[in-house]
Amino acid sequence: MRGGAGQRGPGRPGHRTGLCQSGAMDVRLLRPEEAPAVAATLRHRIVVADRLERQRRDECLYLVAWEGGTPVGQVLLHRRRPSALAVAGVVDLLPYIEDVFVLPEWRNRGIGTALLEAAESAAAARGDRGVSLAVSTGNAAARRLYTRRGYVDAGVPEHRHASTEPGFDDEGRSGNGTVVDLVKRLDAVTAAAWPTAREGDRPRDAR
Ligand SMILES: CC(C)(COP(=O)(O)OP(=O)(O)OC[C@H]1O[C@@H](n2cnc3c(N)ncnc32)[C@H](O)[C@@H]1OP(=O)(O)O)[C@@H](O)C(=O)NCCC(=O)NCCS
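Calculation criteria
Residues numbered from 1 in each chain as written. Predicted model: local features only at pLDDT ≥ 70, side-chain atom pairs only at ≥ 80, totals over all residues. Helix = DSSP H or I, 4+ residues; strand = E, 2+ residues; numbered from the N terminus. Contact = placed C-beta atoms within 7 Å. Buried ≥ 20, exposed ≤ 12 C-beta atoms within 10 Å, placed from the backbone. Near = placed C-beta within 6 Å. Nonpolar A, V, L, I, M, F, W, Y, C, P; charged D, E, K, R; others polar. Pairing = 2+ DSSP bridges. Expected span 1.5 Å × (residues − 1). Core = buried A, V, L, I, M, F, W, Y, C linked by C-beta atoms within 7 Å.

Turning to the overall build of the chain, a few remarks are in order. Of the regular secondary structure elements, the chain holds 4 helices and 9 strands. Secondary structure elements of the chain occur, N-terminal to C-terminal, as β-β-α-α-β-β-β-α-β-α-β-β-β. Taking the intrachain contacts of the chain between residues at least 6 apart in sequence as the baseline, contacts between residues at least 24 apart amount to 67%.

Listed below in structure tokens is the structure:
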């Protein structure tokens, strides 16, 4: 179910708190108490609960962009590419970025960029040298975003998209279902002092 964010009259987000901030916009790890708000706007509650549980097990980070008290975007950073999505080769050893999504009424204001920046910084903070993701071959807007942020073709043959998540209905994705894998080296990415899911909000040193 969706709704809410657009009624607040989106403007240019500003940065305020958290790893990635822009005026009033804030990207941070989802906390359990925030799950209902995210389930009301971004993803089904079953998906949100599953992601929180996987985050608790330190398998992924669920990063949400907030504008005021409203969740307006999200990205899931898997510590490693889920085995069900394996494509063979070194790409499988990299952290995997999934479900980059911004509510339609909040797009074209830099939120998608901020979400990627946060995911990349979090991976760099753990010492990862690169990240990977898969984008639909028909999703020109997303492809432009990734190219702008330095993602390049991983050299893996195009394949059908898959998701490992319960109740994930592909809502919000655009494209034709065939994806290409992209990778980005993180050498130049600044590692953020980033809390792990288990440490809560306590800052930790970047590696
Ligand atoms: C892809 C997606 C996440 C991008 O999110 P976004 O918040 O619109 O991304 P950004 O705002 O950072 O960048 C989008 C555009 O806005 C522009 N932009 C960013 N800040 C801006 C600002 N302040 N003023 C004007 N334009 C701005 C960017 O330059 C970019 O331009 P482009 O379309 O020419 O490339 C979003 O379109 C989305 O959720 N799509 C559906 C889900 C999806 O396809 N996800 C990808 C799955 S792989």
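The next subject is the environment of Arg126. Mapped onto the elements, Arg126 comes out in the loop between helix H3 (111–125) and strand S6 (130–136). C-beta crowding within 10 Å serves as the criterion here: with 17 such atoms nearby, Arg126 is assigned to the partly exposed category. As for Arg126 and Arg79, which are separated by 47 residues in sequence, their C-alpha atoms are 9.4 Å apart.

The subject of this paragraph is the site of the ligand. Arg107, Gly110, Gly112, Thr113 and Arg144 are the nearest of the 20 residues found near the ligand. Put simply, the parts of the chain that give the shell around the ligand at least two residues each are strand S5 (96–102), H3 and helix H4 (140–148). Broken down by element, the shell around the ligand gets its largest block of residues, 4 residues, from H4. Counted by class, the shell around the ligand contains 8 nonpolar, 7 polar and 5 charged residues.

Counting buried residues along strand S2 (residues 25–29), 5 of its 5 residues qualify, which places the element largely inside the surrounding structure. Examined bridge by bridge, S2 and strand S3 (residues 60–67) share 5 bridges and lie antiparallel to one another. Within the sheet, the bridge partner assigned to Arg28 lies in S3 and is Val64.

A few words now on H3. Because each turn of an α-helix spans 3.6 residues, side chains separated by three or four positions in sequence point in the same direction. Relative to the 21 Å expected for 15 residues at 1.5 Å per residue, H3 spans 21 Å between its end C-alpha atoms, a close match to the ideal helical length. The buried count for H3 comes to 14 of 15 residues, which makes it a mostly enclosed element. Once H3 ends, the next one or two residues include Gly127, with phi positive near 90°.

What follows is about the nonpolar core. Nonpolar side chains in soluble globular proteins tend to end up buried together. Counting residues in each nonpolar core, the largest one holds 51 residues, and the members touching the most others are Tyr62, Leu63, Ala65, Val75, Leu77, Leu115 and Ala119. When sequence neighbours within four positions are dropped, the list of residues in contact with Leu77 reads Cys60, Leu61, Leu63, Pro95, Ile97, Ala119, Ala122 and Ala123.

Here we take up unusual backbone geometry. The backbone of Asp58 sits at a positive phi, close to 65°, despite the residue not being glycine. With respect to the helices and strands, Asp58 occurs in the loop between helix H2 (45–56) and S3. Its identity as a non-glycine residue notwithstanding, Asp99 has a phi of 55°, on the positive side. Relative to the assigned elements, Asp99 resides in strand S5.

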